[in-house]
Each structure stands twice: as structure tokens, then as C-alpha cells.
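# Structural description and commentary
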Amino acid sequence: MGIKDYLRGKVGDEDLNRVVRGFEMIGDVVIVNIPDEIIHLKDLIVEAILRNHKVKTILRKVGEVSGEFRIASYEVLYGGETETVAKEFGCRFLVDPTKVYYSSRLSSERGRIARMVGEGERVLVMFAGVGPYAILIAKLSKPREVVGVELNPKAAEYFRINVRMNKVEGIVKVYEGDVRDVVPRLEGRFDRIVMPAPYSAREFVHLVRDKIEKGGYVHYYTFAGEEEDLPREIVKLFKRHGMIVNVLNVRECGSFAPRVYRYVLDLKVVDFV
Ligand SMILES: C[S@@+](CC[C@H](N)C(=O)[O-])C[C@H]1O[C@@H](n2cnc3c(N)ncnc32)[C@H](O)[C@@H]1O
């Protein structure tokens, strides 16, 4: 039974219409959106969640994802312990959503990328967070090496723990720091680069030029409105930074705000200029 079904008959129609249908579960921590106008329903909403799910903590999102570390702010509605283990495709990720970025909603997109990786590839994951892309790639495919770079020290700490927890120490290397400093110092080139920083990826495209193999792939995430001609824009952006890319695929993978969506473009770098 969903939250709305549980509340039906207990609250008025106007309030019921304002209740947000879904919520996010990260391990046994739940994140729910409750608009201010129906905050008086919070105990009933907590009851509704607890009836159907074994959870230790319920958080209400009170501030949007923001800042360099991409963390939202939360109010505790139930419980209090916020560190938890999220599961994706048989991998386990220790994470505290109040201290690091992690979204279970992107799991299927991460699985899609992980399965595209060919045997023996060397992969770079910029903005690696607690490691879900890097670790899934190592587990679901057969890369030679996966390098992940993350700025938030707490996320990098979880990333290192998660590498051990998922037994991919031989494949995944964790670098803590700013991609602007770390990436130029990495040796050699990569067959594939993942750029999961949709709010600011364009600021980092110049780092790709000297690190991608000719014929390599880039997975470029960005927020955009429906009306934008993304393929054209992104081809121009990469060209400005010395790369000729073919757009293989454009895919919507989540929303950000009304009529603003998260897109991923799968690019092939066919030449350099
Ligand atoms: C949207 S999150 C994605 C995290 C992870 N890839 C995932 O899917 O869960 C972006 C991450 O990039 C990190 N970040 C932001 N600026 C960075 C930079 N200049 N260098 C390295 N990491 C950065 C943030 O701390 C955050 O963890």
C-alpha cells in the first residue's frame, strides 16, 4: 500500500492531492518529500512508510542538492542513524546521504553504462562519489582498470571502503581530489570516460582531450530543457576543446526541476583537432 492509499479517508482531498507519491529508499534509510503545506501530515506519512518497509531512519528533504559536493539538507522524521548500505546489482555501497551524494534512482543508468564496457578497457570515472559507477563497471564487466576521482573527502573515504567491501581492489583505483588537479597527472589515455556531473560537466570537458583514446567513448551528463538541441551543442562544445565526437545516443535519465531533465549523451571521440 502506497502513502496515498494509506492516507485516503484519513485526510481531506486537498491535502491528499499534495502528497508526493513516491519516496527514495537508500538501504534502510528513506528520503521523502513533504511540501510545507502538508507538514501537519508528517506523522501519518511516517506511519504509512513504516507499515510497509523495514527502515531505521526517515528523512524529509528540506533543501535541494547544492554545493560542490552535491548534498541536500534533511530533517529527521524518524530514527536518526543515517549511515546505511545501499545495494545495486549485487554490489553493496556504504553511504550516508546526509554527508555525500548518492541516489538509488540512477542505479539502472549506472548498470547500462557498466554493461557497455568492453573486456580489457581502461575507464576513468570523474566525480566518482562513493564509487557506484566504478565498482559496478568492475563487477558487471571485465575492464583492465577503473580509475575514480572524487573531491568530497567523506565520499572518497566511503569509496575506498566500498572498493574493499566489493573486492575490486585489483581493478579500481581511488583518487581523492579535484579532477582539475588529478586528471592531468594521470598517466596514459582511457578507452572510456564517465562524467556524471550534470550541473557543471561543461567546465571539465577540456580535461578529456589529452586523456581519451582516439575511438574512445565519453558518457556526458547534463541538465537541459526539452527544447535544447543537445547533440548539436555538445558536438560544438567538444570541438572547441579539440575533439570531433559522434553522438551515439541521447537518453533522458531523470528530472531536475519542472521541464528540466537530466540527459546522458554517449559520445565516440573519432578524431582530434
Ligand atoms: C552528482 S554526484 C555523482 C556521484 C556518483 N558518480 C554517483 O553516481 O553517485 C557528483 C560528485 O562529484 C564530486 N565533485 C564535484 N566537483 C568535483 C571536482 N572538481 N573534482 C572531483 N569530484 C568532484 C561531488 O563531491 C559529488 O560526489
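Predicted model only: the values in this text are computed from it and were never measured.

## What about helix 6 (residues 153-165)?
- Here helix 6 is 13 residues long and its end C-alpha atoms lie 18 Å apart, about the 18 Å a rise of 1.5 Å per residue gives.
- All of the buried residues along helix 6 are Ala155, Ala156, Tyr158, Phe159, Asn162 and Val163. Angular distribution of buried residues about the axis of helix 6 spans 160°; they occupy a single face of the element.
- Once helix 6 ends, the next one or two residues include lysine 167, with phi positive near 55°.

## Here we look at the sheet that holds strand 3 (residues 57-66)
- With respect to topology, four strands assemble into an open sheet ordered 1-2-3-4, the strand pairing being mixed. Sheet topology places strand 1 (24-26) and strand 4 (71-78) at the edges, where each strand pairs with a single neighbour. The sheet shows a mean angle of 35° between the axes of neighbouring strands, direction not considered.
- Note that strand 2 (residues 29-32) and strand 3 share four bridges and pair parallel. For isoleucine 31, the partnering residue across the bridge sits in strand 3 and is leucine 59.

## Describing the site of the ligand
- Around the ligand, 21 residues are found, and the nearest of them are Phe127, Gly129, Leu151, Asn152 and Val179.
- Contributions of two or more residues to the shell around the ligand are made by helix 5 (132-140), strand 8 (145-150) and helix 7 (179-185).
- By residue class, the composition of the shell around the ligand is 14 nonpolar, two polar and five charged.

## Points about the domain arrangement of the chain
- Its domain assignment divides the chain into domain 1 (3-82) and domain 2 (102-272).
- Taken together, the contact pairs five residues of domain 1 with five residues of domain 2.
- For the side of domain 1 that touches domain 2, the class distribution of residues is three nonpolar, no polar and two charged.

## Points about the nonpolar core
- Counting 78 residues, the largest nonpolar core has Met126 and Met195 as the members making the most contacts within it.
- In terms of residue count, helix 5 provides more of this core than any other element does, six residues in total.
- Looking at this core, you find at least three residues from each of domain 1 (3-82) and domain 2 (102-272).

## As for unusual backbone geometry
- For arginine 70, which is not a glycine, the phi torsion comes out positive at approximately 60°.
- Not every positive phi belongs to a glycine, and lysine 167 is a case in point at roughly 55°.
- Note that lysine 167 resides in the loop between helix 6 and strand 9 (172-176).

## Overview of the sheet that holds strand 11 (residues 212-225)
- Spatial ordering of the open sheet is given by 9-8-7-10-11-13-12, a layout of seven strands whose pairing is mixed. Looking at the sheet topology across the chains shown, the edges are occupied by strand 9 and strand 12 (243-257). On average, each strand axis in the sheet is tilted by 15° relative to the strand beside it, whichever way the strands run.
- As defined by bridge partners, strand 7 (residues 122-125) adjoins strand 8 across four bridges and the pair is classed as parallel. Bridge pairing in strand 8 places arginine 122 opposite glutamate 145.
- Along the sheet face, helix 6 touches strand 8 and strand 9 and points at about 165° away from the line of strand 9.

Here is what the cut-offs are and how they apply
Residues numbered from 1 in each chain as written. Predicted model: local features only at pLDDT ≥ 70, side-chain atom pairs only at ≥ 80, totals over all residues. Helix = DSSP H or I, 4+ residues; strand = E, 2+ residues; numbered from the N terminus. Expected span 1.5 Å × (residues − 1). Buried ≥ 20, exposed ≤ 12 C-beta atoms within 10 Å, placed from the backbone. Arc of directions from axis to C-beta. Pairing = 2+ DSSP bridges. Axes fitted to C-alpha atoms, helices over the stretch in contact; angles between N-to-C directions. Near = placed C-beta within 6 Å. Nonpolar A, V, L, I, M, F, W, Y, C, P; charged D, E, K, R; others polar. Domains from an automatic or database assignment. Contact = placed C-beta atoms within 7 Å. Core = buried A, V, L, I, M, F, W, Y, C linked by C-beta atoms within 7 Å.

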